[in-house]
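# Chain and residue survey
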Amino acid sequence: MKNTIRNIGYIICTITGLTSCKKFVEIAPSSQFIVTSAIFSNDYTALSAVEGVYTSMRSGTVSFANGAISIYTGLSSDEIYNTSSSSTYDPFFKNSIPSNNSAVSSIFWASPYNTIYRTNSILEGLNTSMALSDSVKKQLTGEMKVIRALTYFYLTNLYGDIPLIISSDYKLSSTEPRTASSKIYLQIITDLTDAQSLLSNNYPSSGRARPNKQTATALLARVYLYQKDWSNAFIQASQVINSNLYSLATDLNSVFIENSNETIWEIASPSESRNTAEGTLFIPSSATVKPPFTINPYLLNAFETGDKRKTNWLKSNTVSGTTYYYPYKFKNRATSPVTEYDVVFRLAEQYLIRAEAQANGAGNGLSGAINDLNFIRKRAGLVNYSGLSDITSILNAVTHERQVELFTEWGNRWFDLKRSGIIDSVIGTEKTGWQSYKALYPIPYSQLNINPFLTQNTGYN
(Lines give C-alpha, C1' and ligand atoms only; values in the text may rest on other atoms or scores of the structure.)
Protein backbone atom coordinates (compact mmCIF):
# COMPACT_ATOMS: atom_id res chain seq x y z
CA MET A 1 0.00 0.00 0.00
CA LYS A 2 1.42 3.31 -1.02
CA ASN A 3 2.80 5.52 1.78
CA THR A 4 2.08 2.98 4.49
CA ILE A 5 4.62 1.19 6.62
CA ARG A 6 7.10 -0.71 4.46
CA ASN A 7 10.31 -2.63 4.82
CA ILE A 8 9.40 -3.85 8.29
CA GLY A 9 9.82 -7.46 9.26
CA TYR A 10 6.20 -8.46 9.44
CA ILE A 11 5.76 -8.76 13.15
CA ILE A 12 2.55 -10.69 12.80
CA CYS A 13 4.64 -13.83 12.39
CA THR A 14 5.98 -13.40 15.89
CA ILE A 15 2.45 -13.14 17.22
CA THR A 16 1.19 -16.30 15.65
CA GLY A 17 4.31 -18.37 15.27
CA LEU A 18 3.27 -18.88 11.66
CA THR A 19 5.13 -18.32 8.45
CA SER A 20 3.15 -20.71 6.25
CA CYS A 21 -0.43 -21.81 5.71
CA LYS A 22 -0.53 -24.65 8.20
CA LYS A 23 -3.88 -26.21 9.02
CA PHE A 24 -5.46 -24.15 11.75
CA VAL A 25 -5.84 -27.01 14.17
CA GLU A 26 -2.22 -28.03 13.70
CA ILE A 27 -0.87 -24.71 14.95
CA ALA A 28 1.23 -25.36 18.03
CA PRO A 29 2.40 -22.89 20.68
CA SER A 30 5.63 -21.10 19.87
CA SER A 31 8.39 -19.66 21.96
CA GLN A 32 7.86 -16.49 19.96
CA PHE A 33 4.67 -15.85 21.91
CA ILE A 34 6.82 -14.42 24.70
CA VAL A 35 7.29 -11.23 22.69
CA THR A 36 3.57 -10.67 22.13
CA SER A 37 3.33 -7.87 24.66
CA ALA A 38 6.20 -6.05 22.93
CA ILE A 39 4.30 -6.05 19.67
CA PHE A 40 1.62 -3.87 21.24
CA SER A 41 3.98 -1.60 23.15
CA ASN A 42 3.56 1.25 20.67
CA ASP A 43 1.40 2.32 17.76
CA TYR A 44 4.10 1.70 15.18
CA THR A 45 4.69 -1.96 15.96
CA ALA A 46 0.98 -2.67 16.39
CA LEU A 47 0.35 -1.22 12.94
CA SER A 48 3.14 -3.40 11.58
CA ALA A 49 1.36 -6.48 12.91
CA VAL A 50 -1.85 -5.50 11.16
CA GLU A 51 0.08 -4.76 7.98
CA GLY A 52 1.27 -8.37 8.11
CA VAL A 53 -2.32 -9.64 7.88
CA TYR A 54 -2.87 -7.82 4.60
CA THR A 55 0.48 -9.08 3.36
CA SER A 56 -0.50 -12.68 4.10
CA MET A 57 -3.84 -12.28 2.33
CA ARG A 58 -2.21 -11.52 -1.02
CA SER A 59 1.20 -13.11 -0.68
CA GLY A 60 2.39 -15.78 -3.08
CA THR A 61 0.29 -17.18 -5.89
CA VAL A 62 -3.46 -17.76 -6.01
CA SER A 63 -4.84 -18.00 -2.48
CA PHE A 64 -8.06 -17.60 -0.51
CA ALA A 65 -8.08 -13.79 -0.71
CA ASN A 66 -5.97 -13.59 -3.85
CA GLY A 67 -8.18 -14.67 -6.73
CA ALA A 68 -9.02 -18.22 -5.66
CA ILE A 69 -12.61 -17.55 -4.62
CA SER A 70 -13.34 -15.86 -7.94
CA ILE A 71 -11.71 -18.60 -10.02
CA TYR A 72 -12.81 -21.77 -8.26
CA THR A 73 -16.42 -20.76 -7.59
CA GLY A 74 -16.57 -19.41 -11.14
CA LEU A 75 -15.78 -22.94 -12.26
CA SER A 76 -18.29 -24.48 -9.86
CA SER A 77 -21.05 -22.21 -11.13
CA ASP A 78 -21.87 -21.35 -14.74
CA GLU A 79 -19.37 -18.56 -15.34
CA ILE A 80 -16.16 -20.11 -16.68
CA TYR A 81 -14.51 -23.40 -17.57
CA ASN A 82 -10.88 -24.40 -17.98
CA THR A 83 -9.87 -24.86 -21.61
CA SER A 84 -7.41 -27.69 -20.92
CA SER A 85 -7.86 -30.75 -18.75
CA SER A 86 -6.51 -30.07 -15.28
CA SER A 87 -6.43 -32.12 -12.10
CA THR A 88 -6.53 -28.80 -10.24
CA TYR A 89 -9.57 -27.28 -11.92
CA ASP A 90 -11.57 -30.21 -13.34
CA PRO A 91 -13.09 -31.27 -9.99
CA PHE A 92 -14.52 -27.78 -9.44
CA PHE A 93 -15.92 -27.38 -12.95
CA LYS A 94 -17.40 -30.89 -12.85
CA ASN A 95 -18.69 -30.34 -9.30
CA SER A 96 -16.99 -33.55 -8.30
CA ILE A 97 -14.67 -32.49 -5.49
CA PRO A 98 -13.16 -35.22 -3.29
CA SER A 99 -12.66 -34.47 0.39
CA ASN A 100 -8.91 -34.90 0.00
CA ASN A 101 -8.71 -32.20 -2.68
CA SER A 102 -5.65 -30.06 -2.01
CA ALA A 103 -7.32 -26.76 -2.90
CA VAL A 104 -10.18 -27.41 -0.49
CA SER A 105 -7.71 -28.33 2.22
CA SER A 106 -5.11 -25.62 1.79
CA ILE A 107 -6.70 -22.69 -0.05
CA PHE A 108 -10.22 -22.81 1.31
CA TRP A 109 -9.63 -24.12 4.84
CA ALA A 110 -6.07 -23.74 6.12
CA SER A 111 -5.50 -20.29 4.65
CA PRO A 112 -8.69 -18.62 5.97
CA TYR A 113 -8.31 -20.20 9.40
CA ASN A 114 -4.74 -18.99 9.39
CA THR A 115 -6.10 -15.48 8.83
CA ILE A 116 -8.64 -15.95 11.61
CA TYR A 117 -5.91 -17.08 13.96
CA ARG A 118 -3.87 -13.99 13.14
CA THR A 119 -6.81 -11.63 13.64
CA ASN A 120 -7.76 -13.32 16.92
CA SER A 121 -4.19 -12.92 18.19
CA ILE A 122 -4.08 -9.27 17.21
CA LEU A 123 -7.50 -8.53 18.69
CA GLU A 124 -6.42 -10.05 21.99
CA GLY A 125 -3.20 -8.05 21.96
CA LEU A 126 -5.02 -4.83 21.16
CA ASN A 127 -7.58 -5.46 23.87
CA THR A 128 -5.01 -5.98 26.64
CA SER A 129 -2.51 -3.33 25.59
CA MET A 130 -2.33 -0.22 27.75
CA ALA A 131 0.36 1.44 25.62
CA LEU A 132 -1.49 2.24 22.40
CA SER A 133 -3.17 5.51 21.58
CA ASP A 134 -6.94 5.28 21.69
CA SER A 135 -7.32 6.24 18.04
CA VAL A 136 -4.92 3.57 16.79
CA LYS A 137 -6.43 0.94 19.07
CA LYS A 138 -9.92 1.65 17.73
CA GLN A 139 -8.80 1.75 14.11
CA LEU A 140 -6.85 -1.50 14.21
CA THR A 141 -9.52 -3.31 16.20
CA GLY A 142 -12.13 -2.25 13.64
CA GLU A 143 -9.97 -3.38 10.75
CA MET A 144 -9.32 -6.81 12.25
CA LYS A 145 -13.01 -7.32 12.95
CA VAL A 146 -13.78 -6.57 9.31
CA ILE A 147 -11.16 -9.11 8.20
CA ARG A 148 -12.47 -11.78 10.58
CA ALA A 149 -16.07 -11.14 9.49
CA LEU A 150 -15.12 -11.33 5.80
CA THR A 151 -13.26 -14.60 6.33
CA TYR A 152 -16.10 -16.23 8.24
CA PHE A 153 -18.58 -15.02 5.63
CA TYR A 154 -16.77 -16.93 2.91
CA LEU A 155 -16.08 -19.98 5.02
CA THR A 156 -19.72 -20.48 5.96
CA ASN A 157 -20.90 -19.86 2.40
CA LEU A 158 -18.43 -22.42 1.07
CA TYR A 159 -18.88 -25.12 3.72
CA GLY A 160 -22.05 -24.37 5.69
CA ASP A 161 -21.57 -25.10 9.38
CA ILE A 162 -17.95 -24.56 10.42
CA PRO A 163 -15.95 -24.23 13.65
CA LEU A 164 -16.38 -20.78 15.17
CA ILE A 165 -13.10 -19.77 16.78
CA ILE A 166 -12.63 -16.33 18.30
CA SER A 167 -9.67 -17.18 20.51
CA SER A 168 -5.99 -17.80 19.77
CA ASP A 169 -5.96 -20.78 22.15
CA TYR A 170 -4.82 -23.59 19.88
CA LYS A 171 -5.94 -26.27 22.36
CA LEU A 172 -9.55 -25.13 22.06
CA SER A 173 -9.39 -24.87 18.31
CA SER A 174 -8.12 -28.41 17.86
CA THR A 175 -11.34 -29.89 19.26
CA GLU A 176 -13.88 -27.33 18.14
CA PRO A 177 -17.02 -28.85 16.53
CA ARG A 178 -18.97 -27.27 13.72
CA THR A 179 -21.15 -24.29 14.62
CA ALA A 180 -24.47 -23.67 12.89
CA SER A 181 -24.13 -21.12 10.10
CA SER A 182 -26.85 -19.04 11.77
CA LYS A 183 -24.53 -18.52 14.74
CA ILE A 184 -21.62 -17.80 12.43
CA TYR A 185 -23.70 -15.01 10.91
CA LEU A 186 -24.47 -13.62 14.37
CA GLN A 187 -20.74 -13.37 15.04
CA ILE A 188 -20.19 -11.74 11.65
CA ILE A 189 -22.88 -9.15 12.38
CA THR A 190 -21.42 -8.49 15.83
CA ASP A 191 -17.95 -7.96 14.38
CA LEU A 192 -19.23 -5.64 11.66
CA THR A 193 -21.43 -3.52 13.92
CA ASP A 194 -18.48 -3.20 16.30
CA ALA A 195 -16.30 -2.18 13.37
CA GLN A 196 -18.79 0.47 12.30
CA SER A 197 -18.55 2.08 15.74
CA LEU A 198 -14.74 1.95 15.73
CA LEU A 199 -13.92 3.08 12.19
CA SER A 200 -14.44 6.41 10.49
CA ASN A 201 -15.27 7.21 6.90
CA ASN A 202 -11.67 8.29 6.36
CA TYR A 203 -9.35 5.63 5.00
CA PRO A 204 -6.43 5.06 7.41
CA SER A 205 -3.85 5.15 4.62
CA SER A 206 -3.59 6.64 1.17
CA GLY A 207 -5.85 4.91 -1.31
CA ARG A 208 -8.45 2.35 -0.23
CA ALA A 209 -6.30 -0.60 0.73
CA ARG A 210 -7.36 -0.73 4.39
CA PRO A 211 -10.99 -0.84 5.52
CA ASN A 212 -12.95 2.20 6.63
CA LYS A 213 -16.44 2.39 8.17
CA GLN A 214 -18.14 2.03 4.80
CA THR A 215 -16.24 -1.20 4.15
CA ALA A 216 -17.85 -2.70 7.25
CA THR A 217 -21.20 -1.29 6.14
CA ALA A 218 -20.91 -2.73 2.64
CA LEU A 219 -20.23 -6.23 3.97
CA LEU A 220 -23.00 -5.86 6.54
CA ALA A 221 -25.45 -4.95 3.75
CA ARG A 222 -24.47 -8.15 1.94
CA VAL A 223 -24.78 -10.22 5.12
CA TYR A 224 -28.28 -8.91 5.82
CA LEU A 225 -29.22 -9.62 2.20
CA TYR A 226 -28.09 -13.22 2.55
CA GLN A 227 -30.08 -13.47 5.79
CA LYS A 228 -33.17 -12.12 4.00
CA ASP A 229 -33.29 -9.22 6.46
CA TRP A 230 -34.50 -6.88 3.75
CA SER A 231 -34.99 -3.84 5.96
CA ASN A 232 -31.46 -3.85 7.34
CA ALA A 233 -29.97 -4.72 3.95
CA PHE A 234 -31.72 -1.63 2.56
CA ILE A 235 -30.54 0.55 5.45
CA GLN A 236 -26.89 -0.52 5.22
CA ALA A 237 -26.66 -0.33 1.42
CA SER A 238 -28.30 3.09 1.52
CA GLN A 239 -25.68 4.28 4.02
CA VAL A 240 -22.91 3.37 1.60
CA ILE A 241 -24.68 4.89 -1.40
CA ASN A 242 -25.66 8.07 0.47
CA SER A 243 -22.22 8.55 2.01
CA ASN A 244 -21.21 10.34 -1.22
CA LEU A 245 -17.76 8.81 -0.91
CA TYR A 246 -18.22 6.70 -4.03
CA SER A 247 -19.66 6.97 -7.52
CA LEU A 248 -20.16 4.61 -10.43
CA ALA A 249 -17.30 4.92 -12.87
CA THR A 250 -18.64 6.23 -16.16
CA ASP A 251 -15.96 4.34 -18.10
CA LEU A 252 -16.27 0.58 -17.56
CA ASN A 253 -12.58 0.19 -18.31
CA SER A 254 -11.68 2.22 -15.23
CA VAL A 255 -13.86 0.36 -12.71
CA PHE A 256 -11.07 -1.93 -11.50
CA ILE A 257 -8.07 0.36 -11.67
CA GLU A 258 -6.21 1.23 -8.47
CA ASN A 259 -8.21 3.63 -6.29
CA SER A 260 -11.19 3.81 -8.62
CA ASN A 261 -13.88 6.00 -7.10
CA GLU A 262 -16.26 3.06 -7.35
CA THR A 263 -14.05 0.95 -5.10
CA ILE A 264 -15.04 0.64 -1.45
CA TRP A 265 -12.16 -1.63 -0.47
CA GLU A 266 -9.25 -3.16 -2.39
CA ILE A 267 -6.32 -5.33 -1.30
CA ALA A 268 -2.84 -4.45 -2.53
CA SER A 269 -0.13 -7.02 -3.14
CA PRO A 270 2.82 -7.06 -0.69
CA SER A 271 5.01 -4.02 -1.34
CA GLU A 272 2.79 -3.42 -4.39
CA SER A 273 4.88 -5.95 -6.25
CA ARG A 274 2.30 -7.35 -8.67
CA ASN A 275 -1.09 -6.87 -10.23
CA THR A 276 -4.04 -9.16 -9.55
CA ALA A 277 -4.10 -12.94 -9.67
CA GLU A 278 -7.26 -12.70 -11.80
CA GLY A 279 -5.45 -10.62 -14.40
CA THR A 280 -2.53 -13.03 -14.45
CA LEU A 281 -4.68 -16.15 -14.81
CA PHE A 282 -7.57 -14.93 -16.93
CA ILE A 283 -5.59 -13.04 -19.58
CA PRO A 284 -3.74 -15.32 -22.03
CA SER A 285 -0.04 -14.81 -22.63
CA SER A 286 -0.60 -13.80 -26.25
CA ALA A 287 -3.35 -13.31 -28.83
CA THR A 288 -2.55 -16.66 -30.45
CA VAL A 289 -3.11 -19.01 -27.50
CA LYS A 290 -6.18 -20.30 -25.71
CA PRO A 291 -6.89 -18.50 -22.46
CA PRO A 292 -6.63 -20.80 -19.40
CA PHE A 293 -10.31 -20.12 -18.67
CA THR A 294 -13.09 -19.21 -21.06
CA ILE A 295 -16.54 -17.77 -20.48
CA ASN A 296 -19.26 -20.37 -20.18
CA PRO A 297 -21.88 -20.03 -22.97
CA TYR A 298 -24.57 -19.63 -20.30
CA LEU A 299 -22.93 -16.42 -19.13
CA LEU A 300 -21.98 -15.26 -22.61
CA ASN A 301 -25.58 -15.56 -23.77
CA ALA A 302 -26.90 -13.73 -20.71
CA PHE A 303 -25.71 -10.32 -21.95
CA GLU A 304 -28.31 -8.20 -23.69
CA THR A 305 -27.62 -6.67 -27.07
CA GLY A 306 -25.68 -3.46 -26.60
CA ASP A 307 -24.44 -4.27 -23.10
CA LYS A 308 -21.10 -2.48 -22.76
CA ARG A 309 -20.04 -4.94 -20.08
CA LYS A 310 -19.78 -7.61 -22.75
CA THR A 311 -17.54 -5.49 -24.93
CA ASN A 312 -15.45 -3.98 -22.12
CA TRP A 313 -15.26 -6.77 -19.54
CA LEU A 314 -14.82 -9.68 -21.95
CA LYS A 315 -12.14 -10.22 -24.54
CA SER A 316 -11.51 -13.09 -26.95
CA ASN A 317 -8.83 -15.05 -28.77
CA THR A 318 -9.57 -17.14 -31.83
CA VAL A 319 -7.41 -20.24 -31.95
CA SER A 320 -7.74 -22.93 -34.64
CA GLY A 321 -11.09 -21.52 -35.67
CA THR A 322 -12.59 -21.49 -32.17
CA THR A 323 -13.27 -18.22 -30.35
CA TYR A 324 -12.58 -18.21 -26.62
CA TYR A 325 -13.98 -15.37 -24.55
CA TYR A 326 -12.32 -14.68 -21.23
CA PRO A 327 -12.88 -12.31 -18.28
CA TYR A 328 -11.25 -8.94 -18.88
CA LYS A 329 -12.31 -6.85 -15.91
CA PHE A 330 -8.69 -6.74 -14.77
CA LYS A 331 -6.60 -5.78 -17.77
CA ASN A 332 -3.02 -5.99 -16.57
CA ARG A 333 -1.40 -9.41 -16.81
CA ALA A 334 2.13 -8.17 -16.23
CA THR A 335 3.81 -7.93 -12.85
CA SER A 336 4.55 -4.25 -13.30
CA PRO A 337 3.72 -1.48 -13.44
CA VAL A 338 1.09 -2.07 -10.76
CA THR A 339 -2.16 -0.45 -11.88
CA GLU A 340 -4.78 -2.74 -10.33
CA TYR A 341 -5.52 -3.99 -6.82
CA ASP A 342 -7.91 -6.81 -5.96
CA VAL A 343 -11.32 -5.14 -5.54
CA VAL A 344 -13.29 -6.69 -2.67
CA PHE A 345 -16.29 -4.34 -2.57
CA ARG A 346 -17.53 -1.74 -5.03
CA LEU A 347 -20.51 0.56 -5.24
CA ALA A 348 -22.42 -1.25 -8.01
CA GLU A 349 -23.06 -4.20 -5.71
CA GLN A 350 -24.64 -1.91 -3.14
CA TYR A 351 -27.17 -0.66 -5.70
CA LEU A 352 -28.05 -4.26 -6.52
CA ILE A 353 -28.33 -5.19 -2.85
CA ARG A 354 -30.68 -2.28 -2.29
CA ALA A 355 -32.67 -3.16 -5.40
CA GLU A 356 -33.23 -6.71 -4.16
CA ALA A 357 -34.13 -5.51 -0.67
CA GLN A 358 -36.67 -3.05 -2.08
CA ALA A 359 -38.15 -5.65 -4.40
CA ASN A 360 -38.79 -7.68 -1.26
CA GLY A 361 -40.67 -4.86 0.44
CA ALA A 362 -38.04 -2.62 2.04
CA GLY A 363 -37.56 1.07 1.32
CA ASN A 364 -39.56 2.35 -1.63
CA GLY A 365 -40.65 -1.09 -2.75
CA LEU A 366 -40.79 -2.14 -6.39
CA SER A 367 -40.40 1.37 -7.80
CA GLY A 368 -37.24 1.85 -5.74
CA ALA A 369 -35.90 -1.48 -6.94
CA ILE A 370 -36.43 -0.47 -10.57
CA ASN A 371 -34.69 2.86 -9.98
CA ASP A 372 -31.63 1.11 -8.54
CA LEU A 373 -31.58 -1.40 -11.39
CA ASN A 374 -31.63 1.44 -13.85
CA PHE A 375 -28.55 3.06 -12.28
CA ILE A 376 -26.61 -0.07 -13.18
CA ARG A 377 -28.24 -0.58 -16.57
CA LYS A 378 -27.62 3.01 -17.63
CA ARG A 379 -23.91 2.72 -16.89
CA ALA A 380 -23.85 -0.46 -19.03
CA GLY A 381 -25.36 1.43 -21.97
CA LEU A 382 -28.78 -0.24 -21.68
CA VAL A 383 -32.27 1.22 -21.69
CA ASN A 384 -34.27 1.37 -18.48
CA TYR A 385 -35.94 -1.78 -17.22
CA SER A 386 -39.19 -2.25 -19.13
CA GLY A 387 -40.35 -5.66 -17.97
CA LEU A 388 -43.31 -6.56 -15.82
CA SER A 389 -43.61 -4.76 -12.49
CA ASP A 390 -44.56 -7.72 -10.31
CA ILE A 391 -42.17 -8.89 -7.59
CA THR A 392 -41.15 -12.12 -9.37
CA SER A 393 -40.23 -10.34 -12.58
CA ILE A 394 -38.23 -7.66 -10.80
CA LEU A 395 -36.39 -10.17 -8.63
CA ASN A 396 -35.53 -12.12 -11.77
CA ALA A 397 -34.23 -8.89 -13.28
CA VAL A 398 -32.07 -8.28 -10.21
CA THR A 399 -30.66 -11.80 -10.42
CA HIS A 400 -29.87 -11.29 -14.10
CA GLU A 401 -28.24 -7.93 -13.45
CA ARG A 402 -26.08 -9.43 -10.71
CA GLN A 403 -25.04 -12.19 -13.09
CA VAL A 404 -23.73 -9.84 -15.78
CA GLU A 405 -22.42 -7.15 -13.44
CA LEU A 406 -20.63 -9.21 -10.77
CA PHE A 407 -19.39 -12.20 -12.76
CA THR A 408 -16.08 -13.72 -11.62
CA GLU A 409 -16.00 -11.44 -8.59
CA TRP A 410 -15.50 -13.12 -5.24
CA GLY A 411 -18.03 -15.92 -5.72
CA ASN A 412 -21.11 -13.74 -6.11
CA ARG A 413 -22.75 -15.94 -8.76
CA TRP A 414 -22.14 -19.23 -6.93
CA PHE A 415 -23.57 -17.84 -3.71
CA ASP A 416 -26.49 -16.17 -5.50
CA LEU A 417 -27.51 -19.48 -7.03
CA LYS A 418 -27.50 -21.10 -3.60
CA ARG A 419 -29.22 -18.42 -1.54
CA SER A 420 -31.96 -17.89 -4.14
CA GLY A 421 -32.77 -21.60 -4.23
CA ILE A 422 -32.23 -21.94 -7.99
CA ILE A 423 -28.93 -23.78 -7.99
CA ASP A 424 -30.49 -27.18 -8.67
CA SER A 425 -32.53 -25.93 -11.61
CA VAL A 426 -29.67 -23.91 -13.10
CA ILE A 427 -26.61 -26.10 -12.55
CA GLY A 428 -28.66 -29.28 -12.82
CA THR A 429 -29.67 -28.22 -16.31
CA GLU A 430 -26.26 -27.03 -17.39
CA LYS A 431 -24.05 -29.80 -16.03
CA THR A 432 -24.32 -33.56 -15.87
CA GLY A 433 -24.05 -35.40 -12.59
CA TRP A 434 -25.22 -32.49 -10.47
CA GLN A 435 -26.65 -33.31 -7.03
CA SER A 436 -27.94 -30.86 -4.42
CA TYR A 437 -25.33 -31.65 -1.78
CA LYS A 438 -22.59 -30.32 -4.08
CA ALA A 439 -23.70 -26.78 -3.29
CA LEU A 440 -21.33 -27.08 -0.31
CA TYR A 441 -17.68 -28.00 -0.60
CA PRO A 442 -16.47 -31.02 1.40
CA ILE A 443 -14.85 -30.58 4.79
CA PRO A 444 -11.18 -31.50 4.22
CA TYR A 445 -10.47 -35.13 4.97
CA SER A 446 -7.26 -34.16 6.76
CA GLN A 447 -9.24 -32.04 9.21
CA LEU A 448 -11.64 -34.88 9.98
CA ASN A 449 -8.63 -37.01 10.90
CA ILE A 450 -7.16 -34.33 13.15
CA ASN A 451 -10.33 -33.18 14.89
CA PRO A 452 -12.66 -36.01 16.01
CA PHE A 453 -15.44 -33.52 16.67
CA LEU A 454 -15.73 -32.44 13.04
CA THR A 455 -18.30 -34.09 10.77
CA GLN A 456 -18.41 -34.26 6.99
CA ASN A 457 -20.97 -32.49 4.80
CA THR A 458 -23.73 -34.76 3.53
CA GLY A 459 -22.86 -36.66 0.36
CA TYR A 460 -19.09 -36.70 0.83
CA ASN A 461 -16.90 -39.46 2.21
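Residues numbered from 1 in each chain as written. Predicted model: local features only at pLDDT ≥ 70, side-chain atom pairs only at ≥ 80, totals over all residues. Heavy atoms only, no water.

### Considerations on the overall build of the protein chain
Scanning the protein chain from N- to C-terminus turns up 20 helices and 6 strands. Expected size for 461 residues packed as a compact globule is a radius of gyration near 23 Å; at 21 Å, the protein chain falls within 12% of this value. Summing over all exposed atoms, the protein chain offers an accessible surface of approximately 17,400 Å²; the carbon and sulfur share of this is 51%. (Helix = DSSP H or I, 4+ residues; strand = E, 2+ residues; numbered from the N terminus. Rg over C-alpha atoms; globule rule 2.2 N^0.38 Å. Areas by Shrake-Rupley, 256 points an atom, 1.4 Å probe, with all protein chains shown as cover.)

### Overview of the environment of Asp424
Locating Asp424 in the fold gives a position in helix 19 (residues 423-430). Within polar-contact distance, the side chain of Asp424 engages the side chain of Ser436 at 2.7 Å. (Polar contact = N/O pair within 3.5 Å; in protein donor to acceptor, adjacent residues only side chain to side chain.)

### Overview of the packing of aromatic side chains
Inspection of the entire model under this criterion finds 30 aromatic pairs. With 4.6 Å between their ring centres and 70° between their planes, Tyr72 and Phe92 make a pair best called edge-to-face. Of this pair, Tyr72 sits in helix 4 (residues 68-76) while Phe92 sits in helix 5 (residues 90-93), and the two are 20 residues apart along the sequence. Given the relative accessible area of 4%, Tyr72 is considered buried. Relative accessible area serves as the criterion here: at 0%, Phe92 is assigned to the buried category. (Phe/Tyr/Trp six-rings, centres within 6.5 Å; stacked < 30°, edge-to-face > 60°. Buried < 20%, exposed > 50% of the residue type's maximum accessible area, 1.4 Å probe, protein only.)

### Re unusual backbone geometry
Here the amide bond leading from Ser336 into Pro337 is cis, since omega sits at 0°, within 30 degrees of zero. When you line up the elements, Pro337 lands in the loop between strand 5 (322-327) and strand 6 (342-346). Here Lys228, not a glycine, exhibits a phi torsion of approximately 60°, which is positive. With respect to the secondary-structure elements, Lys228 resides in the loop between helix 10 (213-226) and helix 11 (230-242). With a phi close to 55°, Ser271 is a non-glycine residue in the positive phi region.

### Here we look at the nonpolar core
Tyr72, Phe108, Tyr152 and Tyr159 are the most contacted members of the largest nonpolar core, which totals 121 residues. When residues of this core are assigned to their parent elements, the largest contribution, 12 residues, is made by helix 7 (residues 134-159). Leave out the neighbours within four places in its chain, and Phe108 touches Phe64, Ala68, Ile69, Tyr72, Phe92, Ala103, Leu155, Leu158, Tyr159 and Tyr441. (Core = buried A, V, L, I, M, F, W, Y, C linked by side-chain atoms within 4.5 Å. Contact = heavy atoms within 4.5 Å.)

### With respect to the environment of Thr335
Topologically, Thr335 is positioned in the loop between strand 5 and strand 6. On the basis of relative accessibility, which here comes to 49%, the residue Thr335 falls in the partly exposed class. Between the C-alpha atom of Thr335 and that of Arg274, which follows or precedes it by 61 residues, the distance is 4.5 Å. Non-local contacts of Thr335, meaning those with residues more than four positions away in its chain, are made with Ser273, Arg274 and Asn275.

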